Amino acid sequence: MQILKQQSLSDNPKFPNSCKAIRDIKTGKGNGKMCDLVQEYAKEYADHEKIKMLVEMFNDGLVTIEAAVKKLGITEENFMEYSEEYNRQTV
């Protein structure tokens, strides 16, 4: 933890990869990596919420399974797995 708090980062031979990553983040060289990670997380979260919404609509009889799988671009089998998992979590 002390290495993260240091103002100047010298290379620590015990943790060369960690030191480089921390230095890149502190100097702004890691911004692209961080941006990519945030975008990837946002996409995964949006996909998860989309699946959740369609499962809820399917459970309420507002959408057919055919329409849901077409919207998600997955198989009926995968959709039913998502649905069963969601229903287990919400009970």
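Further up the page is the structure itself.
Residues numbered from 1 in each chain as written. Predicted model: local features only at pLDDT ≥ 70, side-chain atom pairs only at ≥ 80, totals over all residues. Heavy atoms only, no water.

**Student:** So what's going on with helix H4 (residues 65-72)? Which residues, and what values?
**Tutor:** Among the residues of H4, Ile-65, Ala-68, Val-69 and Leu-72 are the ones counted as buried. For H4, the arc enclosing every buried residue in end-on projection is 90 degrees, short of the 170-degree limit, so these residues lie on one face. Away from its buried face, by an angle of more than 90 degrees, H4 presents the exposed residues Lys-70 and Lys-71. Gly-73, located one to two residues past H4, shows a positive phi value of around 70 degrees. (Buried < 20%, exposed > 50% of the residue type's maximum accessible area, 1.4 Å probe, protein only. Helix = DSSP H or I, 4+ residues; strand = E, 2+ residues; numbered from the N terminus. Arc of directions from axis to C-beta.)

**Student:** Describe helix H2 (residues 16-27), and please don't skip the residues or the numbers.
**Tutor:** Taking 1.5 Å of rise per residue, twelve residues should cover 16 Å, and H2 covers 16 Å from first to last C-alpha, within 8% of that figure. Those residues of H2 lying buried are Cys-19, Ile-22 and Asp-24. Looking at the residues trailing H2, positive phi occurs at Gly-28, about 90 degrees. (Expected span 1.5 Å × (residues − 1).)

**Student:** Pulling in residues and values, what's your account of the layout of surface pockets?
**Tutor:** Estimated volume of the largest pocket: approximately 180 Å³. His-48, Ile-51, Lys-52, Val-55, Tyr-82, Glu-85, Tyr-86 and Gln-89 together form the lining of the largest pocket. Within the residue set of the lining of the largest pocket, elements represented by two or more residues are helix H3 (31-59) and helix H5 (76-90). Of the residues that constitute the lining of the largest pocket, the class distribution is four nonpolar, two polar and two charged. (1 Å grid on protein atoms, 1.4 Å probe; cavity = no way out; pocket = protein on both sides within 12 Å on 5 of 7 lines; lining within 4 Å. Points joined across faces, edges and corners; volume = space filled by probe spheres on them. Nonpolar A, V, L, I, M, F, W, Y, C, P; charged D, E, K, R; others polar.)

**Student:** How would you explain a nonpolar patch on the surface if you had to name every residue and give the values?
**Tutor:** On the surface, Ile-25, Met-34, Leu-37 and Val-38 cluster together to form a nonpolar patch covering roughly 390 Å² of accessible area. No other element matches H3, which puts three residues into the nonpolar patch. When you line up the elements, Ile-25 lands in helix H2. (Patch = residues over 30% accessible without salt bridge, like charges linked within 9 Å, V, L, I, M, F, W, Y side chains within 5 Å. Areas by Shrake-Rupley, 256 points an atom, 1.4 Å probe, with all protein chains shown as cover. Salt bridge = Lys/Arg side-chain N within 4 Å of Asp/Glu carboxyl O.)

**Student:** Hey, could you go over the nonpolar core for me, with residue numbers and the actual values?
**Tutor:** Burial of nonpolar side chains together is a common tendency in soluble globular proteins. Judged by nonpolar contacts, Ile-51, Leu-54, Val-55, Ile-65, Ala-68, Val-69, Leu-72, Phe-79 and Tyr-86 together constitute the single largest core of nine residues. Every element with two or more residues in this core is listed here: H3, H4 and H5. With four residues, the single largest contributor to this core is H4. What Tyr-86 contacts, discounting residues up to four positions off in sequence, is Lys-52, Val-55, Glu-56 and Asn-59. (Core = buried A, V, L, I, M, F, W, Y, C linked by side-chain atoms within 4.5 Å. Contact = heavy atoms within 4.5 Å.)

**Student:** Could you give an account of the packing of aromatic side chains, with specific residues and numbers?
**Tutor:** Summed over all chains, the structure comprises two aromatic pairs. With a centroid separation of 6.4 Å and 25 degrees between ring planes, the pair formed by Tyr-41 and Tyr-45 is classed as stacked. Of this pair, Tyr-41 and Tyr-45 both sit in helix H3, four residues apart, which is roughly one turn of that helix. Residue Tyr-41 is classed as exposed on the basis of its relative accessible area, which comes to 56%. Taking 5.4 Å as the distance between ring centres and 85 degrees as the angle between the ring planes, the aromatic pair formed by Phe-58 and Phe-79 counts as edge-to-face. Of the two residues, Phe-58 is situated in helix H3 and Phe-79 in helix H5; the sequence distance between them amounts to 21 residues. (Phe/Tyr/Trp six-rings, centres within 6.5 Å; stacked < 30°, edge-to-face > 60°.)

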